[in-house]
Amino acid sequence: MRHSPPAVVSLDAILPEEPLLMMGAGPVPIPARVAAANSIVINHLGETMNRVIEQVKVMARYVFQTGNAQVLGVAGPASAAMEMAVCNLVEPGTKVLAICNGFFSQRLAEMANRCGADVVTLDVPGTRTTTPDEVEAAIKRERPALVTLVQGETSNTVWNRYLPEICAIARSHGCLVVVDAVCTLSTMPMDMDDWGVDSIITGGQKGLSSIPGVSLLSFSLEAWKRIEGRNAAMAHWCLDARLADRFWNKNSYHYTAPVSGILALHEALRLICTETLPARFHRHELCSQALQRGIEAMGLDLLVPEEARLSSVVGIKVPAGVSGEEVRRYMSRVYKVEISGAFGLDILRIGQMGEQCRAHTIFRTLHAFGSSINAVGGKVDLPSGVAELERVLTEGGGA
Ligand SMILES: *Cc1c(COP(=O)(O)O)cnc(C)c1O
């Protein structure tokens with residue numbers, strides 16, 4: 001043996017004594033039931049797993065609002081689900097229209113490109129929502145077979161509010177539509193069958209309030225037909241939807257499923273079903289509105305105009321004379337609350353997904369945020385912010 005054991009410390013020496021409250025753009029806090037499920041290992045095949053998988057699919061169909069779409073999981077980040085949706089639906093030369101509002105929607109374009117698709121982008125710059133008219137014009141001009149877009153662009157907190165209209169237009173031109181709903185699923189309406197979405201992508205660690213690393217996606221019957229009829233071989237063995245179908249629908253082996261993560265996802269989905277989607281949407285909308293009003297009442301500005309503003313991740317302009325990085329560090333160190341910076345924009349982002357949308361977490365977060373800004377040289381009116389948060393929450397019936 002040439003190599004001796006390395007000198008390392010235990011996790012206790014690395015992790016903070018008290019876990020930070022995760023209020024950034026993901027991962028988000030998980031309910032105790034989800035954490036408990038995540039600590040269990042079971043056989044990845046057999047009767048017990050089959051029952052778990054059956055329930056995961058039934059509950060996922062409710063969350064996706066679909067009667068009979070194909071539901072598959074993937075061992076991997078939401079990006080793996082994005083890649084799985086794209087690479088199964090795209091063959092070399094497939095024309096793809098990628099609607100790009102920012103970082104994550106561009107990732108879909110890049111993935112399609114790497115699969116050999118003929119990708120054209122519809123770039124929607126700044127902080128505005130994509131309009132149905134511009135999509136229709138692009139579809140008429142480019143004649144794509146597939147359209148990709150995000151429901152919520154987490155990177156710059158833009159909401160594609162005209163998603164239903166855009167899906168209808170795409171459908172009327174015979175295009176399949178792939179929607180990234182990673183940060184929005186179960187936080188706001190998403191109606192796979194009614195809107196005519198052909199593939200919905202989600203991850204565990206955002207809207208669903210589960211753990212990172214296990215993701216779900218769905219394919220409409222139309223999309224599944226296209227997958228079954230594809231000519232080109234799939235370059236990715238792990239992401240091959242026809243192989244995944246063996247595990248997810250035929251009780252047989254593809255690869256060893258991430259059993260603990262699937263159990264965690266089962267519990268996350270079960271909690272959503274118990275809460276019901278309408279109640280969950282209301283809780284998210286109310287908490288996000290209360291937080292937004294509170295932030296504005298402190299004297300800060302939100303990045304995105306109201307009509308295009310995402311509710312599941314709130315983007316706040318960093319006030320002049322203050323370093324966003326310093327605010328975040330101070331919040332983590334002193335108040336044990338973690339929020340996010342952004343990719344290149346001078347904003348701070350506070351998540352409103354799943355367990356982040358609770359009265360006690362948003363009070364703690366708003367207080368930590370305002371107090372930290374003041375501590376690093378800014379000047380916000382914290383009492384007014386907290387009062388406004390309280391007012392909006394109370395008027396909305398509490399959360
Ligand atoms: C976070 C996020 C992703 C990527 O998720 P990973 O789990 O990091 O791969 C993709 N799309 C959107 C909209 C996201 O918010």
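Since the model is a prediction, treat every value here as computed from it, not as a measurement.

A. Seen up close, unusual backbone geometry. Of the consecutive residues glycine 26 and proline 27, the connecting peptide bond is found in the cis state with omega at 0°. Mapping proline 27 onto the fold places it in the loop between β1 (21-22) and α1 (32-37). Even without being a glycine, glutamine 65 presents a positive backbone phi close to 55°. Take glutamine 65: its relative accessible area is 30%, and that puts it in the partly exposed class. Of note in the backbone geometry, threonine 276 takes a positive phi value of approximately 75° without being a glycine. Taking relative accessible area as the criterion, threonine 276 reaches 31% and is therefore assigned partly exposed.

B. Representation of the site of the ligand within the structure. The environment of the ligand is formed by 13 residues, the closest being Ser79, Thr154, Asp180, Gln205 and Lys206. Between the ligand and alanine 78, the relevant distance is 3.0 Å, taken from an oxygen atom to a main-chain nitrogen or oxygen of the residue. Here an oxygen atom of the ligand and a side-chain polar atom of lysine 206 are 2.6 Å apart. Contact with the protein chains hides 89% of the accessible area of the ligand, taken as 380 Å² for the molecule alone. Going through the elements one at a time, α3 (78-89) and α4 (103-114) are the ones with two or more residues in the shell around the ligand. No other element matches α3, which puts three residues into the shell around the ligand. In terms of residue class, the shell around the ligand is made up of six nonpolar, four polar and three charged.

C. Expanded view of the domain arrangement of the protein chain. Parsing the protein chain into structural domains produces domain 1 (32-274) and domain 2 (276-395). One C-alpha centre belongs to domain 1, the other to domain 2; they are set 28 Å apart. For the pair domain 1 and domain 2, the summed buried area comes to about 2,100 Å², and 63% of that belongs to carbon and sulfur atoms. The three residues of domain 1 that bury the most area against domain 2 are Thr127, Thr157 and Thr187, which together make up 27% of that side's buried surface. Between domain 1 and domain 2 we count zero salt bridges in total.

D. Main features of helix α2 (residues 47-64). Between its terminal C-alpha atoms α2 stretches 26 Å, which fits the 26 Å expected from 18 residues at 1.5 Å a residue. For α2, the complete set of buried residues consists of Met49, Asn50, Val52, Ile53, Val56, Lys57, Met59, Ala60, Val63 and Phe64. Positive backbone phi, approximately 55°, marks glutamine 65, located one or two places after α2.

E. Representation of the packing of aromatic side chains. Applying the stated rule across the entire model yields four aromatic pairs. Relative to tryptophan 224, the ring of phenylalanine 219 has its centre 6.0 Å away and its plane inclined at 45°; by these criteria the two rings are tilted. We note that phenylalanine 219, like tryptophan 224, is buried. Measuring from ring centre to ring centre gives 6.4 Å for tyrosine 330 and tyrosine 335, while their planes differ by 55°; the resulting arrangement is tilted. The exposure class assigned to tyrosine 330 is partly exposed, which follows from its relative accessible area of 22%. The positively charged end of arginine 161 is found above the aromatic ring belonging to tyrosine 162, 6.0 Å away from the centroid.

F. How the structure looks around the sheet that holds strand β10 (residues 214-219). Spatial ordering of the open sheet is given by β2-β10-β9-β8-β5-β3-β4, a layout of seven strands whose pairing is mixed. Lying at the two open borders of the sheet, with one neighbouring strand each, are β2 (70-75) and β4 (118-123). Taken over all neighbouring pairs, the strand axes of this sheet differ in orientation by 20° on average, direction set aside. Of the strand pairs in this sheet, strand β3 (residues 95-100) and β4 are connected by six bridges, and their pairing is parallel. Across the sheet, residue cysteine 100 finds its bridge partner in β4, namely aspartate 123.

G. Highlighting the packing of helix α12 (residues 324-335) against helix α13 (residues 359-375). At their nearest, the axes of α12 and α13 sit 9 Å apart, and the two run at 120° to each other. Judged by the angle between their axes, α12 and α13 are oblique. Where α12 crosses over α13, the two elements pack in a sense that is right-handed. Counting all contacts with α12, which are made through Val327, Tyr330, Met331 and Tyr335, the residues of α13 involved are Arg364, Thr365, His367, Ala368, Phe369, Ser371, Ser372, Ile373 and Ala375. Residue composition of the contact of α12 with α13, grouped by class: eight nonpolar, four polar and one charged.

H. Representation of a nonpolar patch on the surface within the structure. A cluster of nonpolar side chains, namely Val9, Leu11, Ile14 and Leu15, defines an oily patch on the protein surface of about 420 Å² accessible area. As for its placement among the helices and strands, leucine 11 is situated in the segment before β1. Given the relative accessible area of 56%, leucine 11 is considered exposed.

I. Summary view of the state of the cysteines. Evaluation of the coordinates by the stated rule reveals zero disulfides. Here cysteine 167 stays unpaired: no disulfide links it, and the sulfur of cysteine 175, its closest cysteine neighbor, is 11 Å away. The exposure class assigned to cysteine 167 is buried, which follows from its relative accessible area of 0%.

Each value, and the rule that gives it
- Residue indices begin from 1 for each chain and proceed along its sequence in written order.
- Reporting of local features is limited, given that this is a predicted model, to residues whose pLDDT is at least 70; pairs of side-chain atoms are given and counted only at 80 or more, and all residues count toward the totals for whole chains, interfaces and linings.
- For the side-chain quantities, the full set of heavy atoms in the structure was used; hydrogens and water were omitted.
- Working definition: helices are DSSP H or I runs of at least four residues, strands are E runs of at least two. Numbering for both runs from the N terminus.
- Burial status follows relative accessibility: with a 1.4 Å probe on protein chains alone, a residue under 20% of its type maximum counts as buried, one over 50% as exposed, and anything between as partly exposed.
- Any residue with at least one heavy atom within 4 Å of a molecule or strand is counted as near it.
- In protein, a polar contact requires one atom able to donate a hydrogen and another able to accept it; more generally it is a pair of N or O atoms within 3.5 Å, and residues adjacent in sequence count only if both atoms are side-chain atoms.
- For the accessible areas, the method is Shrake-Rupley and the probe is 1.4 Å, while residue cover comes only from the protein chains on display.
- Charged means Asp, Glu, Lys or Arg here, nonpolar means Ala, Val, Leu, Ile, Met, Phe, Trp, Tyr, Cys or Pro, and polar covers whatever is left, Gly included.
- Domain borders in the structure are assigned automatically or taken from a domain database.
- Buried area, as used here, totals the accessible surface that two parts lose on assembly, with accessibility defined by a 1.4 Å probe and the loss added over both.
- What counts as a salt bridge is simple: a side-chain nitrogen of Lys or Arg found within 4 Å of a carboxyl oxygen of Asp or Glu.
- One fewer than the residue count of a helix, multiplied by 1.5 Å, yields its expected span.
- By convention, a stacked pair of Phe, Tyr or Trp rings (six-membered ring in the case of Trp) has centres within 6.5 Å and planes under 30 degrees apart, an edge-to-face pair has planes over 60 apart, and any other such pair is tilted.
- Each ring is checked for a lysine NZ or an arginine CZ that lies within 6 Å of its centre and within 35 degrees of its normal; such an atom marks a charge sitting over the ring.
- Strand pairing is assigned whenever DSSP detects at least two bridges linking the two strands.
- All axes are obtained by fitting lines to C-alpha atoms, using only the stretch in contact for helices, and the reported angles, taken between N-to-C directions, cover 0 to 180 degrees.
- An angle below 35 degrees is treated as roughly parallel, one above 145 as roughly antiparallel, one from 65 to 115 as roughly perpendicular, and anything else as oblique.
- In a left-handed crossing the near helix is turned counterclockwise from the far helix by less than a right angle, and in a right-handed crossing that turn is clockwise.
- For this analysis, residues touch if any pair of their heavy atoms sits within 4.5 Å.
- Like-charged residues are merged into a patch within 9 Å and nonpolar side chains (Val, Leu, Ile, Met, Phe, Trp, Tyr) within 5 Å, provided each residue has over 30% relative accessible area and no salt bridge.
- In plain terms, two cysteine sulfur atoms within 2.5 Å form what is called a disulfide here.

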